[in-house]
Amino acid sequence: MRRKSLIITITMAIIFLVMFVMYSTMNWQSAASGRKGDVHIVGRPLYKLDTSWPKYSEYFTGEVFGVAVNHLAGLVYVAQRGDNVPKVLVFTTDGDFVQAWNTSTLEMPHGIFLANATNEPSVWVTDVGNGPHGHTIKQYSPSGKLLQVLGSPGKAGSGLSPLQFDQPAEIFVHDSTGEIYIVDGDGGLNNRLIKLSRDLQVLWMHGEKGQGLAQFDIPHSVTVDNSQRVWVADRRNKRIQVFNSVTGDWLGSWGSCFMDDAPYSVRLTPDQKYLVVAQLNTNQVTLLDAPPVGIIGQCRVVSSIQLADDIKPHLVDLDQRSGALYVAEIGAQQAQKFTPFTLGNSVL
């Protein structure tokens, strides 16, 4: 009897400890202030703010629009805009500043993507500027050397041969195939999702403006999961649309989770369990259950990171090794790091 009572006591103590740690973590997030701004976790606590990253925030000197992570090299690339500011900053995942790119080939960075981390890593940046280098997508070496340019520099257009863009929003490059997915139309004439082969041949495209199936109104972000599904943040239509990555066929859409604000960014956690969506106007980063293969269904919010007013989260990226989440914030003029919440060796 005494042994049974002891077991019950220990079990209740463990439950209390778990609840205390979770409650303390959520309150600690709410208390984080200063440059970082207040953070509140709503729903399941999947991420917590890392207030130590970066170590020196004064390197942020412009409006931060995008972020990309090389998980193997332990580097974070941050794209920012502004007059007389470096357009790309490089930090380590521990928060140390590495370098700023001194390039004159970038005007107004929008999206940034780290491709092929395993073999020959490169950094892709979409440029929505209206000057002589704008309306293009550029590939750089990890140190900032320009390698190639997609599009017609300084000339907005809708052509496919040669390729032309009008304010291209974001690019996703598939590591294993080298295939490229582009959402073209951050408020310009185009509203397109384009898939290119490794050698830049058009494989398929959806390119009509509208509210119908496979139509877009500011396609703003794109990612591809391990089940051959392409996820597109269709911003002005306040929905995410899903396509088959091989055929381009429309598979479904989610809209019920975005009644209050549009999805600006879409990424997947390394385990492919959650889609991570930034919502700029409500200052939220939302985690949604990723549906199983063969089903799109309806979206379901699992957790939300509520940021302070006017933070304006724009685009996000995740460290594919640690699962850390990096958020580019236009209003706060910073990038923030969130780490997965763990209890012991388990990720909640």
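Above this text is the structure in question.
Residues numbered from 1 in each chain as written. Predicted model: local features only at pLDDT ≥ 70, side-chain atom pairs only at ≥ 80, totals over all residues. Heavy atoms only, no water.

1. Some remarks on the overall build of the chain
- When helices and strands are tallied, the chain shows one helix and 29 strands.
- Put simply, the chain has 348 residues, and 55% of those count as buried.
- Once local pairs closer than 6 in sequence are excluded, the contacts in the chain between residues at least 24 apart make up 45%.
- In the form shown here, the chain has an accessible surface area of approximately 15,200 Å², with 52% of it arising from carbon and sulfur atoms. (Helix = DSSP H or I, 4+ residues; strand = E, 2+ residues; numbered from the N terminus. Buried < 20%, exposed > 50% of the residue type's maximum accessible area, 1.4 Å probe, protein only. Contact = heavy atoms within 4.5 Å. Areas by Shrake-Rupley, 256 points an atom, 1.4 Å probe, with all protein chains shown as cover.)

2. A word on the sheet that holds strand 1 (residues 39-43)
- In space, the five strands of this open sheet follow the order 1-24-23-22-21, with antiparallel pairing throughout. Only two strands of the sheet have a single neighbouring strand rather than two, namely strand 1 and strand 21 (265-268). Across the sheet, the mean angle separating the axes of adjacent strands is 15° when strand polarity is ignored.
- Sheet topology places strand 23 (residues 284-289) next to strand 24 (residues 301-307); five bridges connect them, and they run antiparallel. Residue L288 lies in a different strand from strand 24, and its bridge partner there is V301. (Pairing = 2+ DSSP bridges. Axes fitted to C-alpha atoms, helices over the stretch in contact; angles between N-to-C directions.)

3. What to know about the nonpolar core
- W124, I171, L193, V222, V230, V232 and F243 are the most contacted members of the largest nonpolar core, which has 26 residues in total.
- Counting residues per element, the ones that place at least two in this core are strand 7 (109-115), strand 11 (168-173), strand 12 (180-184), strand 13 (192-196), strand 17 (219-224) and strand 18 (229-234).
- Residues within four places of V222 in sequence aside, it is in contact with E170, I171, F172, Y181, V183, L193, V230, W231, V232, V266 and R267.
- Of all hydrophobic cores here, the second largest spans 20 residues; its members include V39, A308, V316 and L318. (Core = buried A, V, L, I, M, F, W, Y, C linked by side-chain atoms within 4.5 Å.)

4. Some details on the pattern of salt bridges
- In this structure the tally under the stated criterion is twelve salt bridges.
- Note that D96 is salt-bridged to K55, the shortest N-O span being 3.1 Å. One end of the pair, D96, is in the loop between strand 5 (88-92) and strand 6 (97-100); the other, K55, is in the loop between strand 2 (47-49) and strand 3 (63-70), and 41 residues separate them in sequence.
- Judged by relative accessible area, which is 31%, D96 ranks as partly exposed.
- A salt bridge links R267 to D317; the shortest N-O distance between them is 3.6 Å. (Salt bridge = Lys/Arg side-chain N within 4 Å of Asp/Glu carboxyl O.)

5. Quick word on the packing of aromatic side chains
- Considering all chains together, one arrives at twelve aromatic pairs under this definition.
- An aromatic cluster of three or more residues is present, and its members are W53, Y59, F60, F91, F97 and Y326.
- Positioned over the ring face of F65 is R81, at 3.5 Å from the centre of the ring. (Phe/Tyr/Trp six-rings, centres within 6.5 Å; stacked < 30°, edge-to-face > 60°. Lys NZ or Arg CZ within 6 Å of the ring centre and 35° of its normal.)

6. Focus on the environment of G323
- Inspection of the secondary structure puts G323 in the loop between strand 25 (313-318) and strand 26 (325-329).
- Accessibility expressed as a relative area gives 6% for G323, which makes it buried.
- In the structure, G323 is positioned 52 residues away from D271 in sequence and 8.4 Å away in space, judged by C-alpha atoms.
- Not counting the four nearest positions on each side in its chain, G323 is found in contact with Y47, P270, L318 and P340.

7. With respect to the environment of N191
- One can find N191 in the loop between strand 12 and strand 13.
- We classify N191 as buried; its relative accessible area is 5%.
- Through-space distance from the C-alpha of N191 to that of H206 is 8.3 Å; in sequence the pair is 15 residues apart.
- Excluding residues within four positions of it along the chain, N191 makes contact with D184, H206, G207, E208, K209, F216, D217, I218 and P219.
- A distance of 2.7 Å separates a polar atom in the side chain of N191 from the backbone nitrogen of I218. (Polar contact = N/O pair within 3.5 Å; in protein donor to acceptor, adjacent residues only side chain to side chain.)

8. Thoughts on the sheet that holds strand 14 (residues 202-206)
- The antiparallel open sheet is built from four strands, whose spatial order is 11-12-13-14. The open sheet has two free edges, formed respectively by strand 11 and strand 14, since each of these has just one partner strand. On average, each strand axis in the sheet is inclined to that of its neighbour by 15°, with strand direction left out of account.

9. Some points on the side chain of E107
- Turning to its location among the elements, E107 is positioned in the loop between strand 6 and strand 7.
- Buried charge without a salt bridge: E107, with K138 as the nearest opposite-charge side chain at an N-O distance of 6.7 Å.
- In this structure the side chain of E107 is engaged in a polar contact, spanning 3.5 Å, whose partner is the backbone nitrogen of N130.
- Within the local environment of E107, its side chain forms a polar contact with the backbone nitrogen of G131, the two atoms lying 2.7 Å apart.
- Discounting residues that sit within four places of it in the chain, E107 has contacts with K87, D127, G129, N130, G131, P132, H133 and G134. (Lys, Arg positive; Asp, Glu negative; His and termini not counted.)

10. Here's the deal with the environment of L150
- With respect to the helices and strands, L150 occurs in strand 10 (residues 146-150).
- Judged by relative accessible area, L150 falls into the buried class, the value being 3%.
- Here the alpha-carbon distance between L150 and T136, two residues 14 residues apart in the chain, equals 5.7 Å.
- Setting aside chain neighbours within four positions, we find L150 in contact with W124, T136, I137, F165 and L200.

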